[in-house]
Amino acid sequence: MKIKIWGIRGSIPTTDPEMGKYGGNTSCVQVVDDGWQLVLDGGSGIQKLAANIHVDTKRIDILLTHLHIDHIQGLGFFRPLFDATMEVHIWGPASSTRTLHSRLSRYLSPPLFPMLIRDLPCKLIMHEIANSQFMIGPFSIQSAYVVHPGPTVGYRVTTNNRSFTFIPDHEPALGSKGIIADPQWVSGFDLASETDILLHDAQYSDGEYEAKKGWGHSSFKDAGSFARLTGAKRLLLAHHDPSRSDAKLEALFDTFKNSDHFPFKAELAQEGMEYVL
């Protein structure tokens, strides 16, 4: 299983040169194995991903964690959607009020986009998921609702007994006492338990989080506490604040590393980085 990060910024893309090292594109990660292509989230990074898809690929599966704009804004610029020979599957969290197709149509339609989703020439198939288990090619995938405003899921992707957990927007510490010790009550625990790589929300410093509880995101400290509780082997800190320069990210990360001992490898997720499991 090969994993490549195409977008890791949170909330809105940025092109500031002071943010060039870690990247300015919003959420998008590619997972490849045995010729099968998974795209996790459709943020602005998906446009660059499209230019690197093998010419013989005829099916792509896009797994959306949720429908906030920074996670879907690249869909309208994803070349395979405009290719009549392509079969594109979009997976996303079910809602109690509107279908996935209806909710995506709010973006892929005028006045926000010049085309209607129904006019896309590809073979488009949508799947609504919840706390689900399903297979895509060689991948065994687990999805589960997590704490974030609006229907939001995280994903655990497993193949050849190796696992990658993707929870880019998540607030497991929401509550009066932060992350609690009993795993059965911790949002996202089953997705991340003993995973090989955990990509997890870490948008805020500790001080910022105190002022923004309930916004759906985590501090560096809470991301580390969540990874420790789940037994994750490697932590990629993600969803970088759009106003955070490379230097400020690294300063926060240095504080995080020096504040406690974590029994796993931790690093700042970086656009363009590749991992092999």
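Scoring rules and cut-offs
Residues numbered from 1 in each chain as written. Predicted model: local features only at pLDDT ≥ 70, side-chain atom pairs only at ≥ 80, totals over all residues. Heavy atoms only, no water. Disulfide = S-S within 2.5 Å. Buried < 20%, exposed > 50% of the residue type's maximum accessible area, 1.4 Å probe, protein only. Helix = DSSP H or I, 4+ residues; strand = E, 2+ residues; numbered from the N terminus. Contact = heavy atoms within 4.5 Å. Salt bridge = Lys/Arg side-chain N within 4 Å of Asp/Glu carboxyl O.

S.K.: So what exactly am I meant to see when it comes to the state of the cysteines here?
M.R.: Here, disulfide denotes a covalent bond that connects the sulfur atoms of two cysteines. Scanning the entire structure with this criterion turns up zero disulfides. Looking at the unpaired C28, the closest cysteine sulfur is the one in C122, lying at 16 Å. Using a relative accessible area of 8% as the deciding quantity, one classes C122 as buried.

S.K.: Just checking my understanding: could you explain the environment of I167 for this structure?
M.R.: Within the secondary structure, I167 sits in strand 10 (residues 162-167). Overall, the relative accessible area of 0% leaves I167 in the buried class. When the C-alpha positions of I167 and H239 are compared, they lie 9.7 Å apart, and in sequence the two are 72 residues distant. In contact with I167, other than residues within four places in its own chain, are V146, G154, G188, L191, L198, L199, H200, D201 and F226.

S.K.: It is not clear to me how the pattern of salt bridges should be interpreted in this structure. Could you clarify?
M.R.: It is possible for side chains of opposite charge to pair when their charged atoms get near one another. This model, assessed by the stated rule, comprises ten salt bridges. Across the salt bridge formed by K21 and E250, the nearest N and O atoms sit 2.7 Å from each other. With K21 in the loop between strand 1 (2-7) and strand 2 (28-33) and E250 in helix 6 (residues 246-259), this residue pair connects regions lying 229 residues apart in the sequence. Between D196 and R162 there is a salt bridge, and its shortest N-O distance comes to 3.2 Å. Within this pair, whereas D196 is found in the loop between helix 3 (189-192) and strand 11 (197-201), its partner R162 is found in strand 10, the two being separated by 34 residues in sequence. Each of the salt bridges in this network shares a partner with another, and the network as a whole consists of R59, D61 and E87.

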